[in-house]
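# Summary of structural features
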Amino acid sequence: MADYYSINKKTTLNSAEFMFEDKYLDFPQDGFFVGTLTSHRVSIPALVDLESVPGLVFLYNSPSVQTCVNNCMENMVWRIATSFDPKVCQLVLFNGDKPGSVFNFQFLMPGKLFEQESNKVYFDGNINDFQNTIDRLYNSVPARMSAIRYAGCNKMSEYIRKKGSNSEFKYTFLFLANLPHGIDISLVQKIYQLVNVGYKAG
């Protein structure tokens, strides 16, 4: 890990540590920290490229592993929320299991991280509002792709770097816990389609 950070600046997004900085990051190009890979006493940071990977799926087969998965997701949300300017980034959190089982930290976050849309980004078993948000995101894909092309870009991350806070659209991160509880197959299919175009359409 020391070798990687000797040539790359440590940030909250790409390292194990939380480092609150005075300004938000541009859309990161080096990766998003999800843990460490260890082999033969050598540890390296496990980074996910947010610009080209459609998404991550965590599988679990026991309550203890489920708790670890949910804790990991909460950690990831914190990293994104404290690294991105809320003017260009939106977080959508959905808990399909019993209310209060995950994402409880959201109420502790500073209001500015969610801006005026705070009532639209956290859904604790509220399937109707979540369905409406997914529909809105799904229907916005053509307009997003059109804006990206018009700006001379190939994907939303490039568009946001170019437009900054003047961006017409926000890069949206979906965090869905305890699936498929709480949603039907038609909504799962729509989410799957969103994930497939997500790295381009944002």
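Look above for the structure.
Not measured: the values here are computed from a predicted model. (Residues numbered from 1 in each chain as written. Predicted model: local features only at pLDDT ≥ 70, side-chain atom pairs only at ≥ 80, totals over all residues. Heavy atoms only, no water.)

## Focus on the overall build of the protein
Along the backbone of the protein there are 6 helices and 5 strands. Reading the protein from its N end, one meets helices and strands in the order α-β-β-α-β-α-β-α-α-β-α. Taking all 202 residues of the protein together, 41% fall into the buried category. A fraction of 65% describes how many contacts in the protein between residues 6 or more apart in sequence connect residues 24 or more apart. Accessible surface computed for the protein: about 11,400 Å², of which carbon and sulfur atoms make up 53%. (Helix = DSSP H or I, 4+ residues; strand = E, 2+ residues; numbered from the N terminus. Buried < 20%, exposed > 50% of the residue type's maximum accessible area, 1.4 Å probe, protein only. Contact = heavy atoms within 4.5 Å. Areas by Shrake-Rupley, 256 points an atom, 1.4 Å probe, with all protein chains shown as cover.)

## Regarding the packing of aromatic side chains
Counted according to the given criterion, the structure contains 2 aromatic pairs. Here Phe 94 and Phe 130 contribute two aromatic rings whose centre-to-centre distance is 4.0 Å and whose plane-to-plane angle is 15 degrees, an arrangement assigned as stacked. On the criterion of sequence distance, the pair formed by Phe 94 in strand β3 (residues 89–95) and Phe 130 in helix α4 (residues 127–150) is long-range, its members being 36 residues apart. For Phe 94, a relative accessible area of 1% puts it in the buried group. One residue, Lys 190, lies across the ring of Tyr 138, its end atom 5.0 Å from the ring centre. (Phe/Tyr/Trp six-rings, centres within 6.5 Å; stacked < 30°, edge-to-face > 60°. Lys NZ or Arg CZ within 6 Å of the ring centre and 35° of its normal.)

## Examining the nonpolar core
Ranked by size, the top nonpolar core spans 42 residues in total, and within it Ile 80, Leu 91, Phe 103, Phe 130, Tyr 159, Phe 173 and Phe 175 carry the most contacts. Elements that contribute at least two residues to this core include exactly α2 (63–83), β3, α4, α5 (156–163), β5 (171–177) and α6 (185–201). In terms of residue count, the dominant contributor to this core is α4 (7 residues). Excluding residues within four positions of it along the chain, Tyr 159 makes contact with Ala 147, Ile 148, Ala 151, Cys 153, Gly 164, Ser 167, Glu 168 and Phe 169. (Core = buried A, V, L, I, M, F, W, Y, C linked by side-chain atoms within 4.5 Å.)

## Remarks on the pairing of β5
On a regular strand, one side chain projects to one face of the sheet and the next to the other, so that they alternate. Summarising burial for β5: 6 of the 7 residues are buried, a large majority. Relative to β5, β3 runs parallel, the two being bridged by 7 bridges. Bridge pairing in β5 links Phe 94 to Leu 176. (Pairing = 2+ DSSP bridges.)

## Here we look at the environment of Lys 155
If you trace the backbone, Lys 155 turns up in the loop between α4 and α5. Each C-alpha atom, one on Lys 155 and one on Tyr 199, is 7.0 Å from the other, the two residues being 44 residues apart in sequence. Apart from residues no more than four positions distant in its own chain, Lys 155 is found in contact with Glu 51, Ile 148, Tyr 199 and Lys 200.

## Section: the pattern of salt bridges
Counting across every chain of the model gives 1 salt bridge. Put simply, Asp 135 and Lys 190 hold a salt bridge, and the shortest N to O gap is 3.0 Å. Placement of Asp 135 in helix α4 and of Lys 190 in helix α6 is noted, with a sequence separation of 55 residues between them. On the basis of relative accessibility, which here comes to 21%, the residue Asp 135 falls in the partly exposed class. (Salt bridge = Lys/Arg side-chain N within 4 Å of Asp/Glu carboxyl O.)

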